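# Inside the fold
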Amino acid sequence: MKANKFGLVLTAAALCISAVGVMNIQAADEDKNPVTVVAYNQAETAHYDVVKRDAKATVNGKLDEKVWESVPSISGSFHYPWEAVEAPYTEFKAYHDGVNFYFSFVVKDTQVLAEATWKGESTVDNEDRVELFFANGPVDKPNNGMQPYYAIEVDPKGRVHDYSTVYYRNMDSEWNMEGLQTAAKIVDDGYVVEGLIPLKTLNDLKLINDNNVMRTGIYRAEFSKPKGAKDITMQWISWVDPKTAEPDYHVDSSFGELRFLQ
């Protein structure tokens, strides 16, 4: 069948108008619902920026240097993933000076449990403490050629259990974080922890990737012993909700990301 030239012109004009209309509708929709740009990390991954400052901190557990005042904190997101109760206040801060990674915790605690006598690194198992885990790959996928990951657990007196570990919880407590310094101070309403790790150590362990991002878990063991109780009540606080049925930090889903700003 032969096409009418006039009809073709009208059809072409209609298609153009239709296309313009579609573009206008799309533009209007984009104005109402702007496209979300996914950042350097996965959209669902918690992250924290480790800012750069020129000032060095003396690791003494006091946090009295002015530099700490300008460092952003993580606080409100610490919670009990496995209990529907309000968690006591925990604040974490970190910065770097191009040489060292400095970190601090401010912990509110009405009953600080800390052993009077240090009997080796396993002493922390029955103490209040804060914990940092560092990984450069998966920690719970043994068939993917997993590398070791690393942990430091610091009690309210600044004493440390540091170890490397592989799936599942095969810990080497003979391992030590090279250059790690820690200090802590028990105060009226809890305790304060301060520490540093040389950036060289983190880089030697290949923990900071090419995007200046380090996979990190930030946790707190909140222990108490009610008067007259025989056993310690153990509660577990995390920055990230691992979405596990039972308390467990040794899973990929418990990690967030620290981005080192330059």
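Heads up: these notes are all about the structure in this document. All values derive from a computational prediction rather than experimental measurement. (Residues numbered from 1 in each chain as written. Predicted model: local features only at pLDDT ≥ 70, side-chain atom pairs only at ≥ 80, totals over all residues. Heavy atoms only, no water.)

## A short note on the packing of aromatic side chains
- Evaluated as defined, the whole model comprises 16 aromatic pairs.
- Plain terms: the ring middles of tyrosine 48 and phenylalanine 92 are 5.8 Å apart, the flat faces sit at 65° to each other, and that makes the pair edge-to-face. Here the residue tyrosine 48 occupies a position in strand 1 (residues 47-52), and phenylalanine 92 occupies one in strand 3 (residues 90-96), the gap between them amounting to 44 residues. Each member of the pair, tyrosine 48 together with phenylalanine 92, is buried.
- Judged by centre distance (6.0 Å) and plane angle (35°), the rings of phenylalanine 101 and phenylalanine 103 are tilted. Here the two residues phenylalanine 101 and phenylalanine 103 agree in accessibility, since each one is buried.
- Site record: aromatic cluster; members linked through ring pairs are Trp82, Phe133, Tyr149, Tyr219, Phe223, Trp236, Tyr249 and Phe255.
- Over the ring of phenylalanine 255 we find arginine 215, and its NZ or CZ is 4.8 Å from the ring centre. (Phe/Tyr/Trp six-rings, centres within 6.5 Å; stacked < 30°, edge-to-face > 60°. Helix = DSSP H or I, 4+ residues; strand = E, 2+ residues; numbered from the N terminus. Buried < 20%, exposed > 50% of the residue type's maximum accessible area, 1.4 Å probe, protein only. Lys NZ or Arg CZ within 6 Å of the ring centre and 35° of its normal.)

## Here we look at unusual backbone geometry
- The residue after tyrosine 167, namely tyrosine 168, is reached through a cis peptide bond having omega -5°.
- Locating tyrosine 168 in the fold gives a position in the loop between strand 7 (160-166) and strand 8 (170-172).
- One non-glycine residue with positive phi stands out, namely arginine 169, at about 60°.
- Position of arginine 169 relative to the elements: it lies in the loop between strand 7 and strand 8.
- Arginine 169 sits in the partly exposed class, given a relative accessible area of 37%.
- Despite not being glycine, lysine 243 shows a phi value in the positive range, around 60°.
- Residue position: lysine 243 is located in the loop between strand 12 (233-238) and strand 13 (256-260).
- Residue classification places lysine 243 among the exposed residues on the basis of a relative accessible area of 70%.

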